[in-house]
Amino acid sequence: MEKHKSFSFKSTKFLLLFFTLSFSLILLTFLSYWSIKATPSFHKQTHLQLNNNNKPLLQVQTLTGFGSNFSAHREKDPNSSGASLRNPNVSSGFVEKLGNSSGFDVKPGNSSEVDEKSEDSSGFLSPLGSEEDEGVESDGDIDIDVDLHGNELTVTEVGDGNLTYSQVNVVNSTVIEENGSILSEKIEEKRIDECDVSRGRWVFEESYPLYTNSSCPFIDEGFNCLGNGRLDKNYLKWRWQPHGCDIPRFNATKMLELIRGKRLVFVGDSINRNQWESLLCLLMGAIQDPKKVYETRRRKITKGKGNYCFRFVDYQCTLEFYVTHFLVHESKARIGSKRVPTLQIDRIDRGTARWRGADILIFNTANWWTHSKTQAGINYYQEGSQVHAHLDATEAFRRALRTWALWVDRHVNPQKTRVFFRSSAPSHFRGGQWNAGGHCKEAIRPLDEVVMDVIPRKDLIVTEVIKRMRTPVTFLNVTAVSSYRIDGHPSVYGGKSSNRRYSSRVEDCSHWCLPGVPDTWNELLYYHVLSNHIKDWNRS
């Protein structure tokens, strides 16, 4: 009887212990699962300064978990001009933590648009707007719900409004200060290879132009349309808007920082000088003391002198232009008893010593290949000692470009020098050519439409030659951009005498008024230089 009681007691005790342990394990498993599900995972908090007065404007929490909440805290700064981010379309993207080598893509929706106020006082894009933002409160936290899966970040909501983003590549974000000036931030708004900035439309923009003929002392008389009596001013107010993406508004301070201590050199004909003068005027917008910008030989810009070198003292950089109509050597040869002008298409121009060592080179050649002598090609094109009795101008252009490409591949170090080739700029002569009564004087607004599918033969040849080169060359395509702008030429306002109505002098429908269309070419140049700078930072 005693044995039976002992066995019953032990059996009951064992069952009680078993059920207790089982319940504890189940409860522990449930609590662990709930804890993992409910708790976001963070590695650390990173504080990022995006201003140039050493005061924190933005704190960013870095997210490394799978499902989490992105929280940014903004502190008011009385010295900050603020930034406006248009809602619902925003293009600036977010800031990733300092030191992380892999960025992530903000994917989804509509193309983005940045308000002209979207730069802070330092000239850099602010990721999350400011006190003036509509629909977003700047006091306290701005909560952004995100889903992070692998390398994809999907933004679902900011504050009370929904946001949709076009694809934005968010890369390492950093700001470097040297002597109090901000050099760079690694925020890439749109992958350059995903956006054709040469396709788009012109939109009327009251905030343009970016400078005036009175604020820039370097505009050549031939390009100073307002100074020569042009009265309509709407041609100054157009901004290029690419399809599906944005280009940054030209920032003179940032551009000067990008070329600090460097040489930026234009090589080509008078249309390239047109663009060079435009860039000179754009950069002057960041200069406090005009005396600290000067031509190294104290030359005044005129059509008669083709070589210029302007030094920006505070940035220890130069902006240079060297004239060459064809990129190859203009010479003379004896044919019979006469010495006649020839074009040596197998020899590079003699001015190459000036081009060497530049950090950015912008080449062009096009307009002079349409003149009667080059078009005819009779006893004009020379290779070696042979002057061709006749050579097609298109074939001569191709051979000349190969000569240029060979020089670039042999003498340009791609680790140091960024090379551009600007496409042909269209002329808009109506009723005849430049020397046969052609004109464009009635044009006061851009054309509504142009033929976009026909690429000029010379531009096709340039792109074919570039593809075969060892040295990377960026084709700066301004042809389609400029084709609309029949209103942008000097026409009868290419000189002081043209302030008389309908001057009898030959009209200029090839070059461009300044301010004007070449400013947009330089905004495209700025876009490429800035994008290349960001890519270099990513690789480093």
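Everything numeric here is computed off the predicted structure, so don't read it as measured data. (Residues numbered from 1 in each chain as written. Predicted model: local features only at pLDDT ≥ 70, side-chain atom pairs only at ≥ 80, totals over all residues. Heavy atoms only, no water.)

## Quick word on the environment of lysine 254
Among the structural elements, lysine 254 can be located in helix α2 (residues 252–258). Classification of lysine 254 by relative accessible area gives buried; the value is 11%. In sequence terms lysine 254 and alanine 286 are 32 residues apart; their C-alpha atoms lie 9.0 Å from each other. (Helix = DSSP H or I, 4+ residues; strand = E, 2+ residues; numbered from the N terminus. Buried < 20%, exposed > 50% of the residue type's maximum accessible area, 1.4 Å probe, protein only.)

## Observations regarding the confidence of the model for the chain
In low-pLDDT segments, the atomic positions of the prediction should not be examined closely. For the chain, per-residue confidence averages 74 on the pLDDT scale, and 64% of positions sit at 70 or higher. Long-range and interchain partners of residues 1–7, a stretch whose pLDDT sits below 50, account for zero contacts in this model, where long-range means more than four residues apart. Every residue in residues 40–192 scores below 50 in pLDDT, and together they form 335 contacts with partners more than four places removed in sequence or on other chains. (pLDDT = per-residue confidence, 0-100. Contact = heavy atoms within 4.5 Å.)

## Here's the deal with the pattern of salt bridges
In the structure shown here, the tally under the stated rule is 15 salt bridges. Ionic pairing is found between aspartate 196 and arginine 199, a salt bridge with its closest N-O pair at 4.0 Å. Classification of arginine 199 by relative accessible area gives partly exposed; the value is 30%. Of the charged contacts, one joins aspartate 220 and arginine 273 as a salt bridge, the two residues approaching to 2.5 Å between their closest N and O atoms. A residue pair is termed long-range when its members are at least 10 positions apart, and aspartate 220 in the loop between β10 (200–204) and β11 (238–242) and arginine 273 in helix α3 (residues 270–284) qualify at 53 residues. The exposure class of aspartate 220 is buried, given its relative accessible area of 4%. Given a relative accessible area of 6%, arginine 273 falls into the buried group. (Salt bridge = Lys/Arg side-chain N within 4 Å of Asp/Glu carboxyl O.)

## Some words on helix α7 (residues 457–467)
Looking only at α7, the buried set comprises Asp459, Ile461, Val462, Val465 and Ile466. Buried residues of α7, viewed axially, fall in a sector of 160°; they line one side. Facing away from the buried side of α7 by over 90 degrees, the exposed positions are Arg457 and Lys467. Those residues of α7 that are buried lie in contact with α6 (393–411), β21 (418–422), β22 (473–476) and α8 (479–483). (Arc of directions from axis to C-beta.)

## Details of the state of the cysteines
Summed over all chains, the structure comprises four disulfides. Here cysteine 195 pairs with cysteine 245 through a disulfide, and the sulfurs are 1.6 Å apart. With a gap of 50 residues between them, cysteine 195 in the loop between β9 (181–182) and β10 and cysteine 245 in the loop between β11 and α2 connect regions that are remote in the sequence. According to the relative accessible area criterion, cysteine 245 is buried, its value standing at 3%. A disulfide bridge connects cysteine 440 with cysteine 509, and the sulfur atoms are separated by 2.2 Å. As the torsion about the S-S bond is roughly -100°, the cysteine 440-cysteine 509 disulfide counts as left-handed. (Disulfide = S-S within 2.5 Å.)

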